[in-house]
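Here is how the chains run, residue by residue.
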Amino acid sequence: MKVGIIMGSKSDLPVMQDAADICKEFGVDFEITVVSAHRTPDRMFSYAKEAASRGIKVIIAGAGGAAHLPGMVASITTVPVIGVPVKSSNSIDGWDSILSILQMPNGIPVATVALNAAKNAGLLAVQILSTAKPELAKKMQAYKDTLRAKVEETAAEMES
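Reference entry: report on the structure contained in this document. Keep in mind it's a predicted model, so treat the numbers as computed, not measured.

### Looking at the sheet that holds strand β4 (residues 81–86)
Pairing within the open sheet is parallel, and its 5 strands lie in the order β2-β1-β3-β4-β5. Each of the sheet's edge strands pairs with one partner strand only, and the pair in question is β2 (29–34) and β5 (111–112). Its contacts with the sheet put helix α2 (residues 41–50) on β1 (2–7), β2 and β3 (56–64), and the angle it makes with β2 is roughly 165°. Packed onto the sheet, helix α5 (residues 118–130) meets β1, β3, β4 and β5 and runs at close to 165° relative to β3.

### Some points on the packing of α2 against helix α3 (residues 69–76)
Packing of α2 against α3 leaves a shortest axis separation of 8 Å and a crossing angle of 50°. Overall, the two elements α2 and α3 adopt an arrangement that is oblique. Where α2 crosses over α3, the two elements pack in a sense that is right-handed. Taking contact as the criterion, the partners of Met44, Phe45, Ala48 and Lys49 in α2 are, on α3, Leu69, Met72, Val73 and Ile76. Class assignment of the residues belonging to the contact of α2 with α3 gives a composition of 7 nonpolar, no polar and 1 charged.

Definitions and limits used
Residues numbered from 1 in each chain as written. Predicted model: local features only at pLDDT ≥ 70, side-chain atom pairs only at ≥ 80, totals over all residues. Heavy atoms only, no water. Pairing = 2+ DSSP bridges. Helix = DSSP H or I, 4+ residues; strand = E, 2+ residues; numbered from the N terminus. Contact = heavy atoms within 4.5 Å. Axes fitted to C-alpha atoms, helices over the stretch in contact; angles between N-to-C directions. Parallel < 35°, antiparallel > 145°, perpendicular 65-115°, else oblique. Left-handed = near helix turned anticlockwise from the far one by under 90°. Nonpolar A, V, L, I, M, F, W, Y, C, P; charged D, E, K, R; others polar.

Shown next as structure tokens:
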């Protein structure tokens, strides 16, 4: 089971690297590349069309500006797509990216995380994969237990 991590431009890599880091942390195989909906539409079409046959189970697609990549990929493949709106140099404070990914028409779902939240996209991809891999579900539960423990420690420190 593999996660495909794609982005519209190499300039999105500092944000999208967080998704790759989560995959590494959980031992999930992934690939990462640039696929531009606007500059390389044929590459985007091929990537989306062939993803399932190459073992991709979830696609994380990051894009800034008009942010068409996640929705266009979702329109081509049956593989779940998680969109990461990226606040890029040509975006309107990130809102254009958020709305372009969030406001998909009925029939073409794209799960959408917060602006620049590729880490959450990676975690959501792991959770999706964990429905078929019990050992991954155990790792996710341990991760969440660690988060809970950190909050409880902080609360205890503040209350004493």
